[in-house]
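Next come the chains, spelled out residue by residue.
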Amino acid sequence: MPDEQSGQPLRPTRFRWLWLILAYVSIALAAIGVVVPGLPTTEFVLLAAWAASRSSPRLAAWLENHRVFGPLLKNWRNGGIITRRTKVVSALSMTVALLIMLLTVNHLPSILFAAAGMSCGAIWIWSRPEQPRDAPAPCAE
């Protein structure tokens, strides 16, 4: 039976509950990631949107229209765009998290493993476009 709003068939009830739980957990982690350095926000918002689209059209619409999360989703759907501001905040958050680890963790392999993971994440984030490919480049005057 298709959903009246999206026209797509709804998943069986047992899977819808799993997707809904995943969506809410991802939203909670994204919200925590807004204030906790080193915890990603964008990835959890994308995961929440994906899970919500499979379980709750109402939740998916709420995410799309959310003041903080909506622009991230729209940019991602518009060509995998991550804004410069988001990239800078992400890099600074990872740097702060690594500094905190350096000051508080006495296990060097853990620090190196975390630094490697953050480096991979930073490289991936900075490789994403900042504007649509067909958008004109800003003029330098």
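Use the structure listed above.
If you're wondering where the values come from, they're calculated on a predicted model, not measured in any experiment.

A. Quick look at helix α4 (residues 69-77). Considered for burial, the residues of α4 that qualify are Phe69, Gly70, Leu72 and Leu73. Looking straight down α4, one finds its buried side chains confined to an arc of 165 degrees; they lie on one side.

B. Seen up close, the nonpolar core. Grouped together as the largest cluster of nonpolar side chains are 16 residues, with contacts concentrated most on Val45, Ala52, Leu59 and Leu63. Mapped onto this core, the elements with two or more residues apiece are α1 (13-35), α2 (42-53), α3 (57-65) and α4. When residues of this core are assigned to their parent elements, the largest contribution, six residues, is made by α2. Among residues more than four places away in sequence, those in contact with Val45 are Ala30, Phe69, Leu72 and Leu73.

C. Representation of the packing of aromatic side chains in the model. In the structure shown here, the tally under the stated rule is two aromatic pairs. On the basis of an interplanar angle of 75 degrees and a centroid distance of 4.9 Å, the ring pair of Trp19 and Trp50 is categorised as edge-to-face. With Trp19 in helix α1 and Trp50 in helix α2, the pair connects residues that are 31 residues apart, well separated along the chain. On the accessibility criterion, Trp19 (24% relative accessible area) is partly exposed.

What counts, and at which threshold
- Residue positions are given per chain, counted from 1 along the sequence in the order it is written.
- Restriction of local features to residues with pLDDT of at least 70 applies here, the model being predicted, together with a cutoff of 80 or more for giving and counting side-chain atom pairs; totals for whole chains, interfaces and linings are based on all residues.
- Note that the side-chain values use all heavy atoms of the structure and ignore hydrogens as well as water.
- For every residue, the accessible area (1.4 Å probe, protein chains only) is compared with the maximum for its type, and the residue is labelled buried under 20%, exposed over 50%, or partly exposed between those bounds.
- Going along the chain from the N terminus, every DSSP run of H or I of four or more residues is numbered as a helix, and every run of E of two or more is numbered as a strand.
- The arc in question is the one spanned by the directions pointing from the helix axis to the C-beta atoms.
- To define a nonpolar core, start from buried Ala, Val, Leu, Ile, Met, Phe, Trp, Tyr and Cys residues and group those joined through side-chain atoms within 4.5 Å.
- Residue contacts are counted whenever heavy atoms from the two residues lie within 4.5 Å of one another.
- Side-chain rings of Phe, Tyr and Trp, where Trp is taken by its six-membered ring, are said to pair if the distance between their centres is within 6.5 Å; with planes under 30 degrees apart they count as stacked, over 60 as edge-to-face, and otherwise as tilted.

Coordinates in, geometry out; function isn't part of it.
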